[in-house]
Structure formats: structure tokens, C-alpha cells
Amino acid sequence: MLAEQKETGQVWTPSSFIWRLGKEIDNEESVYYWAYKVNRESFIICNDIIRAKIPPPEQNSCLLPALTDGSIGDMIYFHSFRSPGLILDIVGDIRALNELARKSKKAGMIVLGGGVCKHQIANAMLIVRNRFSEVS
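These figures come from a predicted structure and were not determined experimentally. (Residues numbered from 1 in each chain as written. Predicted model: local features only at pLDDT ≥ 70, side-chain atom pairs only at ≥ 80, totals over all residues. Heavy atoms only, no water.)

**Some remarks on the environment of I127**
Next, step 1: Its location among the elements puts I127 in helix α6 (residues 116-128).
Next, step 2: For the pair I127 and S104, spaced 23 residues apart in the sequence, the C-alpha separation amounts to 9.8 Å.
Next, step 3: When residues no more than four places from it in sequence are discounted, the contact partners of I127 are N98 and R102. (Helix = DSSP H or I, 4+ residues; strand = E, 2+ residues; numbered from the N terminus. Contact = heavy atoms within 4.5 Å.)

**A look at the confidence of the model for the chain**
Where the model shows low pLDDT, its predicted coordinates should not be examined in detail.
Next, step 1: The pLDDT averaged across the chain works out to 74; a share of 74% of its residues lies at or above 70.
Next, step 2: For residues 47-60, every residue scores under 50 in pLDDT, and the model assigns this stretch 30 contacts once sequence neighbours within four places are set aside. (pLDDT = per-residue confidence, 0-100.)

**Quick look at the pattern of salt bridges**
Next, step 1: According to the stated counting rule, one finds 3 salt bridges in the structure shown.
Next, step 2: In this structure, R20 and E24 form a salt bridge, with 3.6 Å as the shortest nitrogen-oxygen distance. In this pair, R20 and E24 both sit in helix α2 (residues 14-24), 4 residues apart, roughly one turn of the helix.
Next, step 3: A salt bridge links E99 to R102; the shortest N-O distance between them is 2.6 Å. Here the residue E99 and the residue R102 both occupy positions in helix α5 (residues 90-103), the gap between them amounting to 3 residues, near one helical turn.
Next, step 4: Since its relative accessible area comes to 45%, R102 is described here as partly exposed. (Salt bridge = Lys/Arg side-chain N within 4 Å of Asp/Glu carboxyl O. Buried < 20%, exposed > 50% of the residue type's maximum accessible area, 1.4 Å probe, protein only.)

Structure, rendered in C-alpha cells:
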């Protein structure tokens, strides 16, 4: 991915990073695999690799607001010593989620747990205002 970024100027967002990893993964239990296999124009928000034997939504991608929180962050860190220069643009994913909220006629969220993912969705819902429902 670093070589591709240097060669083509590809700007990786966390979601495109995950999509690209999913392209290389041959494991149906990986949410990254499904982010690649199905249309990536809609979003699943996840906090780390999620393993589940459930059918994926018809369309999904994976926004990962805490990409560096966990094993992937460690691998990116260690890789940067041998091959520095990988750039990940988190703003691209924030714009995608906020634009999705802004263009929605209605929006809502069901919160199971909390953390960065919940905060990112809740912040996007501020844009929706009176078109928003929440269950916590």
C-alpha cells in the first residue's frame, strides 16, 4: 500500500485502508473481507476486527475511527520504521459519515456500548438535528 501510495498518489482513508486489506483477506469471518466483497458506499462502524458468522448487510464499508487503537495501529507503527511514509487521511472518513448524515431525511442509532465509534456517530447526528432518533 505504501508503494502504491508513492507510485500513484493514492490517499488512503481508514475505510479505504480496510477495504484494501479486505481485498487481500480470504476469510469470510472478517468484517474487512466483507467490506471489500460488497459495495462500500454505505457504512458499518467498527472498533477493531470483528469476527461473526452473520450475513453481511447488503451494502457496507467499514469506517474505523480508532484505526490506530489496537493491533493494526501497532503494525502500522512497526512498519513505519522499515518503510516510513504511509499517510492515512482520517478526515476523508469523517466527511463521508457527516455527509451521509447531512443528506439523510431521517437518521437514528442504537447504542450497544460506547467509545470512539459511538462518539463519531453521535457527532454526525448533530448535523441531522430534528430528524434523529436514539435508543441507548
